[in-house]
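The lines below spell out each chain.
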Amino acid sequence: MKAELFLRLHKIPYELKVSSRPGPEGRWPWIEHNGNTICDSRRIIAYLQRCFLGSADAEALTLSEAQLALGTMLRRLCEDSMYFFMLRHVLVDHVAWAHRHTTMNNVPDLFIGILYAHIRSGSIKTLNQTTIGDLTNEEYHREWLMSVRAVSAVLADKGRGGGVATVGPFILGTAAPTSYDCVVYAHLAALGEGGDGTDELRCPAVDFVVQCPRITAYRAAMRQLLYPDWDALLEPERRKPLRDVAAAWTVGGLATTALSVVAALAAVAWSARQYA
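Every value quoted in this text rests on a predicted model; they were computed, and no experiment measured them.

Peer 1: Hey, could you go over the nonpolar core for me, with residue numbers and the actual values?
Peer 2: What tends to happen in soluble globular proteins is that the nonpolar side chains get buried as a cluster. Judged by nonpolar contacts, the single largest core of 64 residues is most densely connected at W144, V148, I171 and Y218. Among the elements that line this core, the one with the most residues is helix α3 (residues 65–93), at eleven residues. In contact with Y218, other than residues within four places in its own chain, are L155, P169, F170, I171, D181, V184, Y185 and L188.

Peer 1: Outline the packing of helix α7 (residues 179–189) against helix α9 (residues 213–226), listing residues and values.
Peer 2: Packing of α7 against α9 leaves a shortest axis separation of 11 Å and a crossing angle of 115°. One element, α7, and the other, α9, form an angle in the roughly perpendicular class. The handedness of the crossing between α7 and α9 comes out as left-handed. In contact with D181, C182, V184, Y185, L188 and A189 of α7, α9 contributes I215, Y218, R219, M222 and R223. Residue classes in the contact of α7 with α9 are distributed as eight nonpolar, no polar and three charged.

Peer 1: Please provide a residue-by-residue account of the packing of aromatic side chains, values included.
Peer 2: A full pass over the atoms with the stated rule returns four aromatic pairs. Ring geometry for Y83 versus F84: centroids 5.0 Å apart, planes at 80°, classification edge-to-face. Plain terms: the ring middles of F85 and Y140 are 6.3 Å apart, the flat faces sit at 20° to each other, and that makes the pair stacked. With a gap of 55 residues between them, F85 in helix α3 and Y140 in helix α6 (residues 137–156) connect regions that are remote in the sequence. The rings of F85, Y140 and W144 are connected pair by pair, giving a single aromatic cluster.

Peer 1: Explain the packing of α6 against α9 to me, and be specific about the residues and the numbers.
Peer 2: Packed helix pairs are characterised by how far apart their axes lie and by the angle those axes make with each other. Relative to each other, α6 and α9 sit at 75°, their axes nearing to 9 Å. Relative to α9, the element α6 is oriented roughly perpendicular. For the pair α6 and α9, contact is made by V148, S152, L155 and A156 and by R214, I215 and Y218, respectively. Its residues assigned to classes, the contact of α6 with α9 shows five nonpolar, one polar and one charged.

Peer 1: Explain the side chain of K2 residue by residue, including any values.
Peer 2: Within the secondary structure, K2 is located in helix α1 (residues 2–9). In this structure K2 touches S41, I45, E79, C182, V183, A186 and H187, once residues within four positions along its chain are discounted.

Peer 1: Lay out the confidence of the model for the protein chain in plain terms, naming residues and giving numbers.
Peer 2: Mean pLDDT for the protein chain: 78, with 74% of residues reaching 70 or above. This model gives residues 159–165 a pLDDT under 50, and the stretch forms eleven contacts once residues within four places in sequence are excluded. Here residues 242–265 scores under 50 on pLDDT; set against residues more than four positions off or in separate chains, the count is 34 contacts.

Peer 1: Give me the lowdown on the environment of W144, citing residues and values where you can.
Peer 2: For W144, the location among the structural elements is in helix α6. On a C-alpha basis, the gap between W144 and V206 in space is 9.2 Å, while along the polypeptide they are 62 residues apart. The contacts of W144, once residues within four sequence positions are left out, are F85, M86, H89, L191, C203, A205 and V206.

The rules we used
- Residues numbered from 1 in each chain as written.
- Predicted model: local features only at pLDDT ≥ 70, side-chain atom pairs only at ≥ 80, totals over all residues.
- Heavy atoms only, no water.
- Core = buried A, V, L, I, M, F, W, Y, C linked by side-chain atoms within 4.5 Å.
- Buried < 20%, exposed > 50% of the residue type's maximum accessible area, 1.4 Å probe, protein only.
- Helix = DSSP H or I, 4+ residues; strand = E, 2+ residues; numbered from the N terminus.
- Contact = heavy atoms within 4.5 Å.
- Axes fitted to C-alpha atoms, helices over the stretch in contact; angles between N-to-C directions.
- Parallel < 35°, antiparallel > 145°, perpendicular 65-115°, else oblique.
- Left-handed = near helix turned anticlockwise from the far one by under 90°.
- Nonpolar A, V, L, I, M, F, W, Y, C, P; charged D, E, K, R; others polar.
- Phe/Tyr/Trp six-rings, centres within 6.5 Å; stacked < 30°, edge-to-face > 60°.
- pLDDT = per-residue confidence, 0-100.

Here it is, written out as C-alpha cells:
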C-alpha cells in the first residue's frame, strides 16, 4: 500500500495487478517500469523519486532536519516494529480470518488451507528472528499499543520539533503528505479500515487506533486526498461471501504437518546414504 500511496500522491499513472507471484527477489510488492523490476516498497519509492522527482532525496529539500529525523524514526517504528506486530496478529494469531477474506476465489479451500498453514509457519519463523517472536501475548499487545500511542503523540505535536511551525494536518505538520505519510498511513489503515469482519481482529492497539480522535482525523485527511474511491474499492470485498474455512483449515494444517514429516524423513534418509 505504501508504494501505491506514493503513486497516487504524485499522480503517477499506474496499473494495479494482483498476483500471488512474488517479484524476482521473492518479495512483494514489486513494479515493472521501463524494463526495470523493483521489489520492496522502500526501494520502489526511492526509484520513483529518482525517476519522477529527479532525486531520491527530493523531499530533503523541503523538510527541516528535525522533520527528516522525526520521519526517519517514524518509518523505523512502522517498518521495524508495527509491521511485525500486525504480522503476528493476522497471520499467526488470526490466520483463519485471513483465510476467510482471501481474494483467491477460484482456488479450492483445501489448497488455500494448506497455503495459509504454510504462511503461518513461515511467519512464525520470521518473527522468531526478531524480538517480537519472543514476547508473550500480553507483552506484544502492550508493546504494539505503545507504538500506536507514539504515533498519536506525534500527531498531537507534529512539526514543532526544531522550531518548525505546524501548517498542515499531516504527520510532519506539512501542508501536503510526504513519503513518510505513505508509510505511517499504510500501517494505520490496516487497523480497522479493512471493511466488514475486522471486529474479529480487535485488540488494544486496534481499539486505540479506531477510537483515537487524532488518528481518526489523520486517516480521514489521507483517505480524502489519496483514496477518494476508498468505499468503491472495498465494495466488492464487502459483497463477497466469506469462506467456511474450519474444515479446510483443519485438513490444511494436517496436510502441511504430514508434508513436513515426509520432508524431514527424506532428509534423514538422504543424509544416511551420504555418510553410509
